[in-house]
Amino acid sequence: MATIPRKNDVLFGKGTAINTHHGNQRFRSMVEVHKPKFCQSKKMEKRKIGMSIINEFYKLGGSFLMEDPNSRRETNKEGGGNAMNRGTGVNNTIQANPANVDDLVVDPLILKKVWVCVERDVAIKKVMHRLRENKVNVSQKHQLAEREKLVLHPPDTKSSEKNLVVPTKVDVADETRRVTQLEYAKAGSRIEKEETKVESSSQQNHTVKSLAEYPIPVSTQSALQPAVKHSISMMESLPSALAPTIHAPVPVSIQYWIRSAVGLSLSSDDYLKGAVNLSWLLTKHLMQLIAASEITLLDISIEKVIIFVDPPLTMQSPSSLPIKAVQFQPSVRSFLSMAQHAQSASSLHSPRAACAALGGILLEIFSKGRSSSPETSSGTNNTLDTTQYNQQAIMPPAQRRKLAVPMAGSISAMANSILLEVGMPISICRLVCDLLDAINEPCPGSALTSMEEVLWGLTQMKDDPEHFLFDCLCPQKALDDTCLFHGIDRDYLFGREKELAILMNAKKNISSHVQRVYAEDPLNIGERSNAPFGQEIRYLCEAAFLSGYAGSGKSSLLQPLICACNQEGWFVVSCKFDKQIEPIKSVSKGFDDFFGTWATDIIQGRSNLDPAMVESFHQVRQSISSTIAEEGLCQLCEIMPNLGRAFPGIATATNGHSQDQRTSSIDKVGSAVKRRTHLFHVLFKAICSVGRPVLITYDDIQWASSMESWLKEFIVNYTDLPCATQKEARHQGLLSVGTFRSNEVGENQGIIETIASVEQSKSARVTRLVIGELAQDDIGKLISRKLCLPMRYTRDLARLIFSKTRGNPFFVKQFLKSIIENRMLEFSVNSRRWTWTCDVIDKQMISDGVAQLMTTRFIQLPHHLMQTVTIVSCFGSQVDNSTIDLLNIGHQLLPFNMQDALELAIKEGILEKADTIYQFTHDLIKQTVYESILTADQQLLHKTIGTILLRSAADNPTTHLIAVDQINIYCKGAILSPEERSQYAEINATAAKFSIAGSTFEQARSYISIGMKMLGSNHWEDQYTLSLKLYEMSASISCIKGDIGAMASCLNETIANAKSFEDSLTSSSLLAKLLASSSKCGEAMGNCLLILSTLGEDFPQDVTLPMVLNELSVIQTTLANITVEQVKLIPRMTEKSKLYAMQFLSMLCSYSIIAKPMLVPILSCRMVRLTIENGVCDDSIVGLATAGYGLFSFTDDTQLGYRIAKVCDALIEESPNRHALRSRLCRELDCTLKGMVEPQHSLLYILPDRYNSAMLTGDVASAMICRLAFCTQSFYAGQNLISLSRTFLACIKESVKYQQINVLHIAILDLRACIHLTGRSEDGVGLKSYEELGKSTNNTILWRHFMSQLNNHAFYRNWKEVMELSEKYKPSKHNRRLVTVRVFYEGIASLNLARQTRELKWRRVGEEALEKMMKWEKVSTWNFENVAKLLQAELHYLNGDLTSADVAYKASIESAHAHKHLQYEAFAYELYGIFCVENRMIDKGHKQLQMALDKYKLWGAIKKANEIQLLMDMDRSTYHTCQESSK
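Residues numbered from 1 in each chain as written. Predicted model: local features only at pLDDT ≥ 70, side-chain atom pairs only at ≥ 80, totals over all residues. Heavy atoms only, no water.

(A) Seen up close, the overall build of the protein. Within the protein, the secondary structure is distributed over 71 helices and 17 strands. Taking all 1527 residues of the protein together, 54% fall into the buried category. Excluding contacts between residues fewer than 6 apart, the proportion of contacts in the protein whose partners are at least 24 apart in sequence is 74%. About 66,600 Å² of surface is accessible on the protein, with carbon and sulfur atoms providing 52% of the total. (Helix = DSSP H or I, 4+ residues; strand = E, 2+ residues; numbered from the N terminus. Buried < 20%, exposed > 50% of the residue type's maximum accessible area, 1.4 Å probe, protein only. Contact = heavy atoms within 4.5 Å. Areas by Shrake-Rupley, 256 points an atom, 1.4 Å probe, with all protein chains shown as cover.)

If you want it as structure tokens, here you go:
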């Protein structure tokens, strides 16, 4: 069987290739070692010796091979046609045994033959034949010791590979690489002999002769050239199937590499780049050897370097091939120990000596071999005596100092001459000469004495040759390369590696989390059923806060993070705050830029867009549109215009600011701010919920004084935002990064408290980074980068700049700009580098005057440029181009076109332009420019700008607001006339109106405050209309913001000074809301009743049930056949007094439903009557819905109530205030009227929409009621209790956040009901106990407390406790949805007690419960059929009708299963099983109980399931006991 020869195999045959084969050489060495013993042994022992050699050889992995004679005959016949097949066979064998590729033979002469293994007897004959050869020759005796070492200690064939800088990848064609290595080994043996002679003579004479006397490089070259050419020819002769797979490197010498490059006439740039790359690899490899102490100084020479290049597939020069690695080949140590080397040569512990030796090698490379060649292009002998130089390098420093003439200096000068002569750039000349100067005494300051600095310089040349390698002859280009005045700064963040690595690691964590597939079920029932309450694993949030002084580079750290996130497919939102811009506008601009960028890219159809990213953005749009209605989008488009580009079908409500600002009756205190906050949360959640990691940055948050709560909510409450889509099962990741100036934020300010609260919440991993000043070394690297010079040349300048700027990166750049502008730092064309004098800079630039330096620099700018940037600074950090155009009209402000000056400012690096926005490149520049204006001139300039813009504003809200901002700055320190005060108060009132329309409420409050201060002392008489407008708006804004104290003050003054009843109505409605929000519902009702009485709508003080029933009977008749069309035919209500009456009636209904339920039907009936008589309005829908609620609560007319609810639903959908009406009427319409008739599970789809509607209107109270209703309905609809427990916890957390105490306590009660069934521990949750909550004085809480305990007792069949509890809590006079649950529990408990006690009272209670349930069953089979059947089964069981009971139990189970009432299905199985067991149907009963157990587990009621298991075990034990006793 044919096989592939390997290096340890012994090949039978003759010829050089076989004789030099590694296995054959080792075989001969083994034979020579054993031959003396073989000659002295007896015949039997001789065979054992031969066998031992074979066994020893087999242990090394070798075999004995011979050429297949059949293949030889076939080759002769077919002309070598099997060579291709053999090549293919080799390839296949190698692929089948990839681990043994390194052992394969690559000699083509061997590969051309087919080899087969010989039998063991043949191998023994071969060994015995070799052992019986002639005795050992005398010339061979001295080789025995070395050969014995070769046998006992085989050379490490991989040692050379360890020294490679770039590890090579072994390919299938590695066999062909052996061709070159074999020839190189032959040449190397001859070279090694010559090296041994050189080193031996060095040992004897203790001096190193000139290398010119020993033509080692020439011999190396002459030896390698044939080898390389032979290897190339061999490779070309290989089969074409193998040729494309050749990737293994080929070794060549440096001399041959250089000469081949010169021979090919490569361009100077190509040669230079290749030489730099070679030098970089060489330096890196040398550093590794020095660090491992594996090389001595004598080994750092040109002839010891081997270059590994990619093997050529054609006849190419190695210099034209990519360099894969370099390697030093240390000399053979047999003649000189390492200790002797250490004594005779300078130790490599001296970095200067190593650098000098490296300089000699680099000189040879960059001079193209001319440094050692006796001929030069000029015909003069410029050959360097590098041997004498090396001799000087290894001398001790004291001996070098005794030399009369420093040899290194002359060599350095000659090297510079040679390098310039061959056309090398100045950077290379500096590098080589500075290396050669390393051993000069005294050592120059520019000398290179550190390998690390050499590698740093070569790395810069290699990575950025345009700036650090090639010469620059143009001063303007050199100035542009600094990026100090204009252009994109290419600076690496020197000194920020640690901080950047921390941020990148946080990014990596988020990316890894989001990329993981979330395979759990959407309700988190399965895998996480044993997780602690509230534990979420789908969300991951990391937050980092960077603090430092102004100019320390905090914002610069954000840029590489943002770039990396953009490249990796993140969604990025960047917000930058400004001292003169309201924080909400900064946040809006961040989101606006996000949507604008994506909308622009998609609209323009950029070809390089990632389709997955485009799909993700479309999912964001779908999520937003499914959550926010059109009016909500219009409101957002007012403050984020680019959002409209993402939703082209949405028409922005441009007339919103002209609408009446009267608050609606359904608005609540603080609702508008909460509405805006929720809209932002929806946007944010939509961006986060599509499976893309999200980065949001907050730059300069020290100016976001009013946004701390926003920042906290975006981080702490990230996992609690409402679900926007059903795709929430994806992993979500948020990285939030904020920066702030530590010197402008005190320990007690909001941002510090926000960061601390984020850390305490543990909802995000928080990292604090202090960005300090740069170290001197870092500034050295920065200046080296700016000036494109090695660090050794800029070290003194860096030290000086560090002392002047104290390491502030921004000040460093400004300092460099100043000394360039003052011509202290200039570019020299002759030297082709920047030049300076440190003494001049030190004397003229004061140490603590960087700020003054910046001021002086700006003053020296052209006058028109300085005027323009001064005007821009009056607007803050940025200004829109449209504003500049308005100021340019008629040259009212400046006599020239400012647009031209702005372009010049961009070139100077003062401003930068993004789209239509001009902004300062740094806040400190803006601050310096603005502070250069005198205070008096500042005020007049602001007034002039504001006046010009106000004249151009017309009805443009944006321009009007900018103008008012400028005028208000002027008003702060100016003395105003009465006319000016009145005028400015009026424009501030208008600005407040615009701000309210744009949802910038904090800004509106500021305008109102300034306007009120502008009013005169007798303003209620002289400026009544303006005063009334400002005070009502102030009360409205206070209501929007939830500022109860300010709201009360404004309302009291407005009501006291109102000149008519109509003028006080707005304030009176706000006062009622204020009282209600302060938990003073009684006072709020009294206020509303008083206003209604004045409006002609009187109501009785005491309301009785007959009065209520009488009113409802009238409404029943009136609304019996009501339809949507009938209501639409009613005209709109126009009379102002009636509109106010409907508004106060609507508010009174909301307050009475809690404080005085009996009054609600009376109020709703009055609203219906006013609608019929005077017209319809939005409050008419409230009256209709409340009337339907009253019919259900007091008359049991559920069908009419449901009919009215459907009419109200249709009217709400057509109302512009549909979101407010949905949330306001959720309790009456959804939870009560529709909840009684429609399937209970349908509410689980409706209530989340109602929650979103409430949040969109800012009605947090209604939103929390909807969320609580969702949780409660989920419990009674049989949803999984484990998942539901987490939902309750989220509701509890949100109710704490919004301070909704009633919702909090009810949610705790319902959660305790879940815990009672699941049996899970509540450790760490911190819930109030039943006893604490039972002490409440709130009727609603007491009712839910009763229902929670009733549920617990009923499911554990504590019938007696159920009835005792029911007797304590008497039913109210009006129905509620949960009354049906109470009736069911009481009916089941009373029928069981009747069967146990035979008391008639329990039978009556049970029969009454069944009667009510059957009535409700007619209303909704889905909701009540299963419980009605179960009550019937228990009644049949009580009556002794077991057959009917059996049928009823089964019917109840079927109905519960069909209508998806899992909990009642389990309950029916349980009661049916007990029924069977009690009637001696044990097996059947246990089967039903097992079904109950399974259903309870599916429901999540683990504790209840365990109780069933105990019951079954007890029944079995009792049954077996009875069986035994009967026997």
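From this point, things continue past the structure.
(B) Geometry of the environment of Glu-759. Mapped onto the fold, Glu-759 is located in helix 31 (residues 750-761). Sequence spacing of Glu-759 and Ala-543 is 216 residues, and the spatial spacing of their C-alpha atoms is 9.3 Å. Dropping the residues within four chain positions of it, Glu-759 is found in contact with Val-766 and Arg-768.

(C) Geometry of the packing of aromatic side chains. Tallying each qualifying case throughout the model produces 31 aromatic pairs. Between Trp-598 and Phe-617 the ring centres are 5.7 Å apart and the planes differ by 15°, which places this aromatic pair in the stacked class. With a gap of 19 residues between them, Trp-598 in helix 25 (residues 583-604) and Phe-617 in helix 26 (residues 611-627) connect regions that are remote in the sequence. Exposure remark for Trp-598: the relative accessible area of 12% places this residue in the buried category. According to the relative accessible area criterion, Phe-617 is buried, its value standing at 1%. Arranged with centres 5.0 Å apart and planes meeting at 10°, the rings of Phe-1346 and Tyr-1369 form a pair that is stacked. Within this pair, whereas Phe-1346 is found in helix 63 (residues 1339-1355), its partner Tyr-1369 is found in the loop between helix 64 (1359-1368) and helix 65 (1379-1397), the two being separated by 23 residues in sequence. In this structure Phe-1346 comes out as buried when scored by relative accessible area, which is 3%. (Phe/Tyr/Trp six-rings, centres within 6.5 Å; stacked < 30°, edge-to-face > 60°.)

(D) A look at the nonpolar core. Formed by 201 residues in total, the largest nonpolar core has its most connected members in Phe-1384 and Tyr-1496. Per-element accounting of this core gives the leading share, twelve residues, to helix 69 (residues 1462-1478). Leu-297, Ile-300, Ile-302 and Phe-366 belong to the second-largest nonpolar core, a separate cluster that totals 61 residues. (Core = buried A, V, L, I, M, F, W, Y, C linked by side-chain atoms within 4.5 Å.)

(E) Quick peek at the sheet that holds strand 5 (residues 250-253). Taken in spatial order, the three strands line up as 5-6-7 in an open sheet, and their pairing is antiparallel. Single-partner strands in this sheet number two, and they are strand 5 and strand 7 (323-328). Each neighbouring strand pair of the sheet contributes to a mean axis angle of 30°, computed without reference to strand direction. Note that strand 5 and strand 6 (residues 305-309) share four bridges and pair antiparallel. The partner of Ser-253 across the bridge, within strand 6, is Ile-306. (Pairing = 2+ DSSP bridges. Axes fitted to C-alpha atoms, helices over the stretch in contact; angles between N-to-C directions.)

(F) Structural context of the state of the cysteines. Inspection of the entire model under this criterion finds zero disulfides. There is no disulfide at Cys-1149, and the cysteine sulfur nearest it, in Cys-1165, is 9.8 Å away. For the unlinked cysteine Cys-1266, the closest cysteine sulfur is that of Cys-1226, found at 3.4 Å. You can call Cys-1266 buried: its relative accessible area is 1%. (Disulfide = S-S within 2.5 Å.)

(G) View of the sheet that holds strand 1 (residues 2-3). Strand order in this open sheet of four strands is 1-4-3-2, and the pairing throughout is mixed. Edge strands, defined here as strands with exactly one partner in the open sheet, are strand 1 and strand 2 (10-11). Note that strand 2 and strand 3 (residues 64-67) share two bridges and pair parallel. Looking at the pairing, Val-10 lines up with Phe-64 of strand 3.

(H) Examining unusual backbone geometry more closely. In this structure, Cys-483 is a non-glycine residue whose phi angle is positive, near 55°. In this fold, Cys-483 is placed in the loop between helix 22 (475-481) and helix 23 (497-515). Under the relative-accessibility criterion, Cys-483 is labelled buried at 14%. Here the phi dihedral of Lys-1460 falls at roughly 65°; this positive angle occurs in a residue that is not glycine. By secondary structure assignment, the location of Lys-1460 is in the loop between helix 68 (1442-1458) and helix 69. Judged by its relative accessible area of 57%, Lys-1460 is exposed.

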